[in-house]
Each structure stands twice: as C-alpha cells, then as structure tokens.
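Descriptive analysis of the structure
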Amino acid sequence: SQTIHQWPATLVQPVGSPLSLECTVEGTSNPNLYWYRQAAGRGLQLLFYSIGIDQISSEVPQNLSASRPQDRQFILSSKKLLLSDSGFYLCAWGRGGRNSPLHFGNGTRLTVT
Amino acid sequence: ELKVEQNPLFLSMQEGKNYTIYCNYSTTSDRLYWYRQDPGKSLESLFVLLSNGAVKQEGRLMASLDTKARLSTLHITAAVHDLSATYFCAVLTGNQFYFGTGTSLTVIP
C-alpha cells in the first residue's frame, strides 16, 4: 500500500529564517506531487505541483520554492520566511490518472514569529 | 482564473436533520472530488465523481455531479455529531486540483 510521510509536524521559526519541509511517498512510482497551504480557517491554496523529476510548476509567485531531488521526494523551501508564510502546509500525491483522488500527508503547522 | 465556490461556508444543524452543501466551479471538468477535514488534521478523500450524473453514497453522505451546470452537491441525511468537520470539493483540470472554500459543518446534539 502507498503511504505519504511529511515532516516536521509543527515548526516555529523567526521571520527571516530559512525553511525546509520534506515529503516522501512510499509504495508507488512516478507520483504527481503537490504542495498546498491552508491559512487558518481558510481553503487550500495550490503552491507547487510536479509530474516528474525536474518538472515543477509554480502556481503563486512568492518567496517559496520547491524541489524534487528524487522520484518520491518533494521539498518545500524558503530562504527567508515572512510572517505571512504561517499556515498549515500539506503535501499530497496522486497517480496522475484522472480517476484518482489526491492523498494527503498529515501536514506541517508552521508559525512564523 | 478558475473558481471553486462552496455554500454555505458555515453550517450548524441539529442531529437528525437533512441538508445539502453546494459546490460551483467555473471551468469545464468532469472530475469532482469531495474531502473531509477534521480540526487540526489533514484531508481525507470521501468521493470521486467521474462523469455527468454520477452519484456516490457512503453512509449518511451522498454526492452528485452535474457537469453541465458545473455543480456538485453533498447531501447529508439524518446528521449525527460524528459528521462535524469541514468539507471541501475539488476540481481537476490538467494535473492541478483546485479546492473550494470549504464548508464548516457543526452538528448539534
């Protein structure tokens, strides 16, 4: 069976510090990978998605970046965090077929102070 | 810009009552997904609707899709407290899933 791991679960970082959130998927190959952000009490904003290594699309221009160093690894980074980067970050994977839903990790709650 | 709108945003209902959550979207798509999110938790897939007229049911929840009207509904029958959560619909276009604004449901005993 497929599983998705996301860490850390919670993170408190000062403004201006760097960020690295990691997500890995097990039990499948060549998944589509996604990063979403959810502000408190709000919906999900698509940040990045990737259909393969070195194929990453950005949805919203911002001070975040994403990388996919391995087929089943997706990393969200920032060089300098802003207060507005606080939120609940969710990694998800999909099979790429149109009949398959997204499967989400447990999320990382980021507080920028 | 693709829009996925849900209404209501907040719903408080008594146990045993019925209600419907609506999801409207602005693009042509024949793939619609419903998710549930418990407070502080991640999202759990509920339904995958794959064509016009599709209907799926699980327990007290039933989802339907009308691609011509660009509308999906999530109907709750005889609500129970365990259904309290936030419900999201999502539309797939290309490889991108766009989520609705969410409906926060509270079922009152």
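Structural notes, computed from the coordinates. (Residues numbered from 1 in each chain as written. Chains lettered and ligands numbered in written order. Predicted model: local features only at pLDDT ≥ 70, side-chain atom pairs only at ≥ 80, totals over all residues. Heavy atoms only, no water.)

1. A short note on the overall build of chain B
Selection rule: Helix and strand definitions follow DSSP, with helices as H or I runs of at least four residues and strands as E runs of at least two, each counted in order from the N terminus. Every radius of gyration here is taken over C-alpha atoms, with the globule rule written as 2.2 Å times N^0.38, N being the number of residues. Burial classification: accessible surface area is computed with a 1.4 Å probe over protein chains only, and a residue below 20% of its type maximum counts as buried, one above 50% as exposed, and the rest as partly exposed. Contact criterion: two residues are considered in contact whenever any of their non-hydrogen atoms come within 4.5 Å of each other. Asp and Glu are treated as the negative residues and Lys and Arg as the positive ones, with His and the ends of the chain left uncounted. To locate a charge, take atom NZ for lysine, CZ for arginine, CG for aspartate or CD for glutamate.
Counting its regular elements, chain B contains zero helices and 11 strands. Listing each helix as α and each strand as β along chain B from the N terminus yields β-β-β-β-β-β-β-β-β-β-β. In terms of overall dimensions, chain B is globule-like: its C-alpha atoms have a radius of gyration of 13 Å, near the 13 Å expected for 109 residues. A burial count over chain B gives 45% of its 109 residues as buried. Once local pairs closer than 6 in sequence are excluded, the contacts in chain B between residues at least 24 apart make up 53%. Across chain B, 9 positive and 9 negative side-chain charges occur, with their mean positions spaced 4 Å apart.

2. Remarks on the nonpolar core
Keep this limit in mind: In this description, a nonpolar core means a group of buried Ala, Val, Leu, Ile, Met, Phe, Trp, Tyr and Cys residues linked to one another through side-chain atoms lying within 4.5 Å.
Of all hydrophobic cores here, the largest spans 24 residues; its most connected members are Leu32, Trp34, Leu74, Ile76, Tyr87 and Leu105 of chain B. Counting only elements with at least two residues in this core, the list comes to β2 (10-14), β3 (19-25), β4 (32-37), β5 (43-49), β7 (61-66), β8 (71-76), β9 (85-93) and β11 (103-108) of chain B. Broken down by element, this core gets its largest block of residues, four residues, from β9 of chain B. Sequence-distant contacts of Leu74 of chain B, defined by excluding residues within four places in its chain, comprise Tyr19, Thr20, Ile21, Trp34, Phe47, Leu61, Met62, Ala63 and Tyr87 of chain B. One finds Cys23, Leu76, Trp93 and Val112 of chain A within the second-largest nonpolar core, a separate group that totals 20 residues.

3. A word on the state of the cysteines
In a disulfide, the sulfur atoms of two cysteines are covalently bonded to one another. To keep it simple, the criterion reads: Disulfide: a pair of cysteine sulfur atoms within 2.5 Å of each other.
Counted by the stated rule, this structure contains two disulfides over all chains. Between the sulfur atoms of Cys23 of chain A and its disulfide mate Cys91 of chain A the distance is 2.0 Å. What sets the handedness of the Cys23 of chain A and Cys91 of chain A disulfide is the S-S torsion sign, and at about -75° it is left-handed. Placement of Cys23 of chain A in strand β3 (residues 19-26) and of Cys91 of chain A in strand β9 (residues 87-94) is noted, with a sequence separation of 68 residues between them. You'll find Cys23 of chain A and Cys91 of chain A in the same group, each marked buried. Here Cys23 of chain B pairs with Cys89 of chain B through a disulfide, and the sulfurs are 2.0 Å apart.

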